[in-house]
4 protein chains.
Amino acid sequence: MIYFNCDYMAGAHPEVLEALCDTNLIKSVGYGFDSFTSEARAVILKACGLEEGEVFFLQGGTQTNKTVIDRLLSRNDGVVCCESGHINVHEAGAIEADGHKVMALAGNNGKLDASALERYMEDFYRDETNEHMVRPAMVYISHPTEYGTLYIRNELEAIRDVCRKYSMPLYVDGARLAYGLAAEVTDVSLRDIAEIADVFYIGGTKCGALFGEAVVTRHAHLLPRFMSVMKLHGALLAKGRLLGVQFLALFKDDLYLRIGLHADRLAMKLKEGMRERGYRIFIDSPTNQQFFILPNSLIDKLSESVGFELWGPRGENESIVRFVTDWSTTEEDIISLLGLCSYPS
Amino acid sequence: MIYFNCDYMAGAHPEVLEALCDTNLIKSVGYGFDSFTSEARAVILKACGLEEGEVFFLQGGTQTNKTVIDRLLSRNDGVVCCESGHINVHEAGAIEADGHKVMALAGNNGKLDASALERYMEDFYRDETNEHMVRPAMVYISHPTEYGTLYIRNELEAIRDVCRKYSMPLYVDGARLAYGLAAEVTDVSLRDIAEIADVFYIGGTKCGALFGEAVVTRHAHLLPRFMSVMKLHGALLAKGRLLGVQFLALFKDDLYLRIGLHADRLAMKLKEGMRERGYRIFIDSPTNQQFFILPNSLIDKLSESVGFELWGPRGENESIVRFVTDWSTTEEDIISLLGLCSYPS
Amino acid sequence: MIYFNCDYMAGAHPEVLEALCDTNLIKSVGYGFDSFTSEARAVILKACGLEEGEVFFLQGGTQTNKTVIDRLLSRNDGVVCCESGHINVHEAGAIEADGHKVMALAGNNGKLDASALERYMEDFYRDETNEHMVRPAMVYISHPTEYGTLYIRNELEAIRDVCRKYSMPLYVDGARLAYGLAAEVTDVSLRDIAEIADVFYIGGTKCGALFGEAVVTRHAHLLPRFMSVMKLHGALLAKGRLLGVQFLALFKDDLYLRIGLHADRLAMKLKEGMRERGYRIFIDSPTNQQFFILPNSLIDKLSESVGFELWGPRGENESIVRFVTDWSTTEEDIISLLGLCSYPS
Amino acid sequence: MIYFNCDYMAGAHPEVLEALCDTNLIKSVGYGFDSFTSEARAVILKACGLEEGEVFFLQGGTQTNKTVIDRLLSRNDGVVCCESGHINVHEAGAIEADGHKVMALAGNNGKLDASALERYMEDFYRDETNEHMVRPAMVYISHPTEYGTLYIRNELEAIRDVCRKYSMPLYVDGARLAYGLAAEVTDVSLRDIAEIADVFYIGGTKCGALFGEAVVTRHAHLLPRFMSVMKLHGALLAKGRLLGVQFLALFKDDLYLRIGLHADRLAMKLKEGMRERGYRIFIDSPTNQQFFILPNSLIDKLSESVGFELWGPRGENESIVRFVTDWSTTEEDIISLLGLCSYPS
């Protein structure tokens, strides 16, 4: 079997695992007060081009979204996102469980549109009965999106401008940030994200770590008493240094970028190969998630030896599928997969 | 420096880490649907003497307590525990954050007393205005307790009997269960816990794992749709197999028990040595946490080369301190510590 | 000025107020344990044709929706409704504040469609990753809807059947129930509602009471320990008897129906008059809320001496307006309003 | 029967009811945007000696406490109060239901002690692990307390000073404020409360209104977007003017004070009579709640013709009872009660 189900099927990138092994017997205090974590904070701030700011380490994406959003929102405030936003669909109500409404706008291939956002905000503030309504008070976007697509810098700035106009923090979910930063076509760097987003996170779990996400903000005052809020959400790891150690490894010798480049390159190779073979691309993603519309007969055949996900319900004759690459995907995996996809007759 | 601050200062026990390394490149599906996790479930149920039941893996103690309690309680239900209970003091309001009152009773060296519990329940149900009050609807105890003390089997059964009488589930926090099971004086086995508790967890984080806790119940119906509730709490690990792999290692060749025996043996050696040197024992703990009343002069001297915790505020002449052992503590560590504790004049 | 802004602009119907005055000096125990409340419960159950069941009295619509939904749903469960549902738009996030997702489906003039609901449920249960999603676990509809429209009995039964198939309680918001029951065209009686809905409420605030809503269920087990949950929501009135007294008055000599008949008759007279004058009807409502598309010039003129609401944003040339009648509306009010609406040139 | 069970057994004081009747047919906009409410706000601010500030009207005590506390607290913040505080005991977990821990300190006849509060705060801020603990972030006291006792001005100022030192708002529950202001011995006026408390409420339900409480603050910024938070809690009355009308009546011709004076005078008469008859006073309350220790034989005899409450469990030979007076209590009621209390043999 070869696996393209998702980007969290293997353990950690060997360089990350090695760092964990090398430091295993060193004793340090808990909860992120150790020196590994301090060092990782400094390294990340530097990589983000931030002279000041805060970095917090959590364990997974839903946990990070839930904890950050709960800290940023007050009572009767909601978070605006795309209908396809992870927080709106696949987090089992984690945001609502903390009392916050997720306010979903129609998106564009997973992307929020600045002008749609502006119209939504205008409508809210024009409505004189808005005391009876949830106030849209922050914006959530993902980069890359759930469809593998990327914002361009101008689009991010336009969203940021609407956010500023309405005094809403902009939060960027970077669960797969490595694949966005490494995309050949992108004009958005880590420093851009750090400058445009009020709060964002650098995804580890899906980008080579065993687990872990790094929340970054240049406005420390936006996340007051955040460690205590993490604790309250069960998100404060006892052996906090495990996160520091892993992110130090990810940011050493550009490993984070290398992981992104590797996965994206193989994803492009797959897309190119499928296009050559005449298959339709469902969404033209420049990152490690690739979506195709395949005949059900091919899907059935592939299922015997390839792991991947059906994207939505099975159609009558053809269906949408998703293939995901990561650091553990090999050239051979791509060649094998393409080999199984004979040219349609 | 030698460290006795807590039992989560080093990484994982080498056998656990080895298991993670050995399986690192194997790909598996996420969220605990992998074969490592299935196997770990079976191994744990067997060790618990349970023919049926459920096992769920989470990442840390507060997260586990919060998620289990939130699942067990309904609106207007509260959880009864000791004043010193971890959920009442050191979880930053994690239980209340989900809407549940923590109802704390005076304890006895960290232990809940069955007759105090019974009186509390009688008072509640005798009060005709109890519609205006939170209903005590489950009981939380820890074994070992936050003071390192242990229940005897009779005490657990007595608490269980009160719980049954009032139809309340009994939940046992086993964050340090290894040290309880391995204590020389205990008459409580893992099977006893599994039989007496409605839900409990086998602590990994403080007992040799990198991180991870295994929730066990013989009544699957008590935790309906629990994976979804875990997800909602940000407690569902993407690479779920990391937890399965670690618990398989902990339950292979009795590693979990070995870890407990090692730490308890060194803790007893420390206690004996301190007693011989004439120091007062604050609580006579049979497990890996040891509490002494030491002169401030000695505390100051030790602080130069030993890590440990002050337990409560510093007194005028003497204070309470805690020393904790774990798998990474060595005989030499104990000998060095005792060497520093010269006989008081 | 004549007022058609809403159905809660005056105090109570004189017969209701008289009942409050008549009983003012009588002393009774609090929280609904008094004899007025008991009697009102019996009268309501009888009017609903229920031999057994429960009736609870709360103070307002949002409070009632919030408290009932919070009791019916468990963690990770959501409530399905129309996009225009009151709980989705105008309750300031009251449902989400208790941790529950509102899952809004496109509606049809304020009505939920049974087949759309069924498709939604099928999609949820077909999705193998639904552990990551909020479970749709109850259905909310309003009758009359927020647009004044009414379900026919067949439509309610079809929704009920989908609910049964998926074991979801059906909850009917009857904030304006009087106007639905009294509508000339309806085939839905109070007994029908009581038989089809699992839980519903009979609106008082908008139907002649000073304030108050009566929650009715034929399944007492669906709302366990409900008074305590009411208390927790701040929804348990100290002088509970005020609600009993008012509902006794509303159900004496068919007052509730008389109020509905009066308001509906005047609403029909208004609709007919406007139609005769050539104005377009926005939604053909058979109840006390009437929606018209009027030229802005007429709207401006009316605003000088008539109270009413703009429904949505003001258009370029014409806009949608809502006129509402109630027990305090008079024939003269309608004649005056129609008099102001000269035939458009 | 004569009734001393509580101060909410009758309807409204006749002057309040009359005001409701007089205004019943007047139409006004909803949700407190009407002119009655505006006028009541102005009258209350003036009575409080406040040139600026905000007044909000809610419906009941628990609802008011819940909504104010939820607005004042952020995540991971708790509210400090007495063990006997209403929010800690008799509100069914309403505060915790919103995610906030109630942190109860031992009290002194229902009163919080400033020095106990200061010690508690010092302990919290001295503990270096306080990130793992709920932060005490506001203080709740009641005046009169649940035991009928009153703070003197110095005590309130001392509590206020601790609150300021730790930047915590001080919130005063004035459910029975009329009886406190009218007490013969008090040195605390309404203006004092308004000056010392950051937020407080003037109780209506227990002091002559049908229902209703007026929240007052001189710091409008402490309760941002409060109407929306009220809506979210189901605490925004549709016919908001009912609250404005009642409070206008309560503050007209000193009615609020007259109600307090009447009830307190009769309560003192009762206390004096019982003392003369040799009965022990349980708590020496200067307000409308009186607590005595009576022989069970007398309690049984009284129960035949007098309504009152047992305070706590029935003792072997004697028990504590509570008698409450209000505007509807008459001289004759007191004389009858005392007549039944023959001198003990």
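The structure displayed is predicted, hence computed values, not measured ones.

Asks: Can you lay out the overall build of chain A for me, pointing to particular residues and giving the numbers?
Replies: Within chain A, the regular secondary structure consists of 14 helices and 13 strands. Computed over the C-alpha atoms, the radius of gyration of chain A is 21 Å, within 12% of the 20 Å expected from 2.2 N^0.38 for a compact globule of 345 residues. With the C-alpha coordinates of chain A rotated into their principal frame, the extents come out at 60 × 60 × 35 Å. Here chain A, with 345 residues, has 66% of them falling under the buried criterion. In chain A, the proportion of contacts linking residues at least 24 apart, taken out of those at least 6 apart, comes to 73%. Separation between the mean location of the 34 positive side-chain charges and that of the 48 negative ones in chain A comes to 3 Å.

Asks: Describe the pairing of strand β9 (residues 280–283) of chain B, and please don't skip the residues or the numbers.
Replies: All names here are of chain B. With three bridges joining them, β9 and strand β10 (residues 289–295) adopt antiparallel strand pairing. Paired with Ile-281 across the strands is Phe-292, a residue of β10. In this antiparallel pair of consecutive strands, β9 and β10, the connection spans five residues.

Asks: An account of the relation of the copies chain A and chain C is needed here, citing residue identities and associated values.
Replies: For the match of chain A to chain C, the screw axis carries a shift of 0.1 Å, the RMSD comes to 0.0 Å, and the turn is 180°. Such a combination of turn and shift is consistent with a two-fold rotation axis. In this assembly the copies share their binding face: 95% of the residues contributing to the interface of chain A also contribute to that of chain C.

Asks: Describe in detail the relation of the copies chain B and chain A, supporting the description with residues and values.
Replies: Mapping chain B onto chain A leaves a residual RMSD of 0.0 Å; the transformation is a rotation of 180° accompanied by 0.0 Å of translation along its axis. Both copies contact each other with a shared surface, as 100% of the interface residues of chain B are interface residues in chain A too.

Asks: So what about the packing of helix α6 (residues 114–126) of chain C against helix α7 (residues 153–165) of chain C? Which residues, and what values?
Replies: Residues and elements named next belong to chain C. The geometry of α6 relative to α7 is characterised by a closest axis approach of 8 Å and an angle of 15° between their N-to-C directions. Relative to α7, α6 is oriented roughly parallel. Once α6 is placed against α7, the crossing between them reads as right-handed. Across the interface between the two elements, Ala-114, Leu-117, Glu-118, Met-121 and Glu-122 from α6 touch Ala-158, Ile-159, Val-162 and Lys-165 from α7.

Asks: I'd like to hear about unusual backbone geometry, residue by residue, with values.
Replies: That bond from His-143 of chain A to Pro-144 of chain A is cis: its omega, -5°, falls within 30 degrees of zero. Positive phi, close to 55°, is recorded for Asp-254 of chain B, a residue that is not glycine. Its place among the elements puts Asp-254 of chain B in the loop between α11 (241–250) and α12 (255–276). Unusually for a residue other than glycine, Ala-92 of chain C sits at a positive phi of about 55°.

Asks: Lay out helix α2 (residues 35–47) of chain D in plain terms, naming residues and giving numbers.
Replies: All names here are of chain D. Across its 13 residues, α2 extends 18 Å between first and last C-alpha, which sits within 8% of the 18 Å expected from 1.5 Å per residue. Considered for burial, the residues of α2 that qualify are Phe-36, Thr-37, Ala-40, Ile-44 and Leu-45. Down the axis of α2, the smallest arc covering the buried residues is 165°, so these residues share one side. Seen from the buried face of α2, the exposed residues on the opposite side, beyond 90 degrees, are Ser-35 and Lys-46. Buried residues along α2 sit in contact with β2 (54–58), β7 (199–203), β8 (213–217) and α11 (241–250). With a side-chain oxygen positioned 3.0 Å from the backbone nitrogen of Phe-36, the residue opening α2 is Asp-34. Downstream of α2 by one or two residues, Gly-49 has phi in the positive range, about 70°.

Asks: Tell me about the interface of chain A and chain C, residues and numbers included.
Replies: The partner chain C presents 20 residues to the 20 residues of chain A that form the contact. Buried surface at the junction of chain A and chain C, summed over both partners, amounts to about 1,500 Å²; 48% is from carbon and sulfur atoms. Where chain A touches chain C, the interface holds two salt bridges. Residue Glu-96 of chain A is joined to Lys-101 of chain C by a salt bridge in which the shortest nitrogen-to-oxygen separation is 2.6 Å.

Asks: Describe the interface of chain B and chain A, naming the residues involved and giving the relevant values.
Replies: Where interface size is given, it is often the accessible area lost as the parts come together that is meant. With 45 residues of chain B in contact, the opposing surface of chain A contributes 45 residues. With both chains or domains summed, chain B and chain A bury close to 3,800 Å², and 59% of this area falls on carbon and sulfur atoms. When the buried area of chain B at its contact with chain A is split by residue, Tyr-8, Lys-27 and Lys-239 of chain B rank highest and sum to 19% of it. Counting across the chain B and chain A interface gives zero salt bridges. In this assembly, chain B and chain A are joined by 25 residue pairs in polar contact (both at pLDDT 80 or more). Residue assignment for the side of chain B that touches chain A shows that the elements contributing at least two residues are α1 (14–22), α3 (61–72), α5 (94–97), α10 (226–232) and α11 of chain B. Its residues assigned to classes, the side of chain B that touches chain A shows 22 nonpolar, 15 polar and eight charged.

Asks: Could you give an account of the sheet that holds strand β8 (residues 213–217) of chain B, naming the residues involved and the relevant values?
Replies: Strand-to-strand pairing in sheets goes through backbone hydrogen bonds, with the strands running parallel or antiparallel. All names here are of chain B. The seven strands lie next to each other as β2-β8-β7-β6-β5-β3-β4, forming an open sheet whose pairing is mixed. On the outer flanks of this sheet lie β2 (54–58) and β4 (102–105), each paired with one strand and no other. Mean inter-strand twist for the sheet, computed between neighbouring axes without regard to direction, equals 25°. Two strands pair when backbone bridges link them, and strand β5 (residues 135–142) and strand β6 (residues 170–174) are joined in this way by four bridges, in the parallel orientation. Its bridge partner being in β6, Ile-141 is matched across the sheet by Val-172. Of the strands in this sheet, β3 (77–82), β4 and β5 are in contact with helix α6 (residues 114–126), which crosses β5 at around 170°. In the packing of helix α7 (residues 153–165) onto the sheet, contacts are made with β5 and β6, and the angle to β5 comes to roughly 165°.

Asks: Now, about the sheet that holds strand β9 (residues 280–283) of chain A: what can you tell me, with residues and values included?
Replies: Residue and element names in this part refer to chain A. Strand order in the open sheet formed by four strands is β9-β10-β13-β12, with antiparallel pairing between adjacent strands. Looking at strand neighbours, the two that pair on one side only are β9 and β12 (309–310), the edges of this open sheet. Strand contacts of helix α13 (residues 296–303): β10 (289–295), β12 and β13 (318–324), with the helix running at about 120° to β10, the strand carrying the most contacts.

Asks: With reference to specific residues and values, describe the pattern of salt bridges.
Replies: In total, this model carries 88 salt bridges over all chains according to the counting rule given. Two residues, Asp-300 of chain B and Arg-314 of chain B, come together in a salt bridge whose shortest N-O distance is 3.0 Å. Taken together, the residues Asp-300 of chain B in helix α13 (residues 296–303) and Arg-314 of chain B in the loop between β12 (309–310) and β13 (318–324) connect sequence positions 14 residues apart. Note that Arg-322 of chain D and Glu-309 of chain D form a salt bridge whose closest N and O atoms lie 3.6 Å from each other. You can see Arg-322 of chain D sitting in strand β13 (residues 318–324) and its partner Glu-309 of chain D sitting in strand β12 (residues 309–310), a full 13 residues away along the chain. Under the relative-accessibility criterion, Glu-309 of chain D is labelled partly exposed at 28%.

Asks: Explain the side chain of Asp-326 of chain A to me, using residue names and the numbers behind them.
Replies: Along the chain, the position of Asp-326 of chain A falls in the loop between β13 and α14 (331–340). It is Lys-27 of chain B that comes nearest to the buried, bridge-free Asp-326 of chain A among opposite-charge side chains, at 4.3 Å. A polar side-chain atom of Asp-326 of chain A sits 2.6 Å from a polar atom in the side chain of Ser-328 of chain A. Once residues within four sequence positions are removed from consideration, Asp-326 of chain A is found in contact with Cys-6, Asp-7, Tyr-8, Tyr-179, His-262 and Ala-263 of chain A together with Lys-27 of chain B.

Asks: Requested: an account of the packing of aromatic side chains, with residues and values cited.
Replies: Per the stated rule, a full pass over the model turns up 54 aromatic pairs over all chains. Note on Phe-308 of chain A and Phe-323 of chain A: the rings are 5.2 Å apart at their centroids and 35° apart in plane angle, and the pair reads as tilted. Of this pair, Phe-308 of chain A sits in the loop between β11 (306–307) and β12 while Phe-323 of chain A sits in strand β13, and the two are 15 residues apart along the sequence. On the basis of relative accessible area, Phe-308 of chain A is assigned to the buried category, the value being 13%. Ring centres of Tyr-147 of chain C and Phe-291 of chain C lie 6.2 Å apart, and the angle between their planes is 55°; on these two criteria the pair is classed as tilted. Taken together, the residues span a long stretch of sequence, with Tyr-147 of chain C in the loop between β5 (135–142) and α7 and Phe-291 of chain C in strand β10 (residues 289–295) at a distance of 144 residues. Ring-pair connections join several aromatic residues into one group, and the members of that group are Phe-4, Phe-292, Phe-308 and Phe-323 of chain A. Geometry around Tyr-151 of chain D places Lys-111 of chain D over its ring, the cationic atom sitting 5.6 Å from the centre.

Asks: How would you explain the side chain of Asn-130 of chain D if you had to name every residue and give the values?
Replies: Secondary-structure assignment places Asn-130 of chain D in the loop between α6 (114–126) and β5 (135–142). According to the relative accessible area criterion, Asn-130 of chain D is buried, its value standing at 13%.

Asks: Describe in detail the packing of α2 of chain D against α11 of chain D, supporting the description with residues and values.
Replies: All names here are of chain D. α11 packs onto α2 with a crossing angle of 40° between their chain directions and a minimal axis gap of 8 Å. With respect to each other, α2 and α11 are oriented oblique. Note on packing geometry: the crossing formed by α2 with α11 is left-handed. Contacts between α2 and α11 pair Phe-36, Thr-37, Glu-39, Ala-40, Val-43 and Ile-44 from the former with Arg-241, Gly-244, Val-245, Phe-247 and Leu-248 from the latter. For the contact of α2 with α11, the residue count by class is seven nonpolar, two polar and two charged.

Conventions used here
Residues numbered from 1 in each chain as written. Chains lettered and ligands numbered in written order. Predicted model: local features only at pLDDT ≥ 70, side-chain atom pairs only at ≥ 80, totals over all residues. Heavy atoms only, no water. Helix = DSSP H or I, 4+ residues; strand = E, 2+ residues; numbered from the N terminus. Rg over C-alpha atoms; globule rule 2.2 N^0.38 Å. Buried < 20%, exposed > 50% of the residue type's maximum accessible area, 1.4 Å probe, protein only. Contact = heavy atoms within 4.5 Å. Lys, Arg positive; Asp, Glu negative; His and termini not counted. Charge placed at Lys NZ, Arg CZ, Asp CG, Glu CD. Pairing = 2+ DSSP bridges. Least-squares fit on C-alpha atoms with pLDDT ≥ 70 in both. Axes fitted to C-alpha atoms, helices over the stretch in contact; angles between N-to-C directions. Parallel < 35°, antiparallel > 145°, perpendicular 65-115°, else oblique. Left-handed = near helix turned anticlockwise from the far one by under 90°. Expected span 1.5 Å × (residues − 1). Arc of directions from axis to C-beta. Polar contact = N/O pair within 3.5 Å; in protein donor to acceptor, adjacent residues only side chain to side chain. Buried area = accessible area lost by both parts, 1.4 Å probe. Salt bridge = Lys/Arg side-chain N within 4 Å of Asp/Glu carboxyl O. Nonpolar A, V, L, I, M, F, W, Y, C, P; charged D, E, K, R; others polar. Phe/Tyr/Trp six-rings, centres within 6.5 Å; stacked < 30°, edge-to-face > 60°. Lys NZ or Arg CZ within 6 Å of the ring centre and 35° of its normal.

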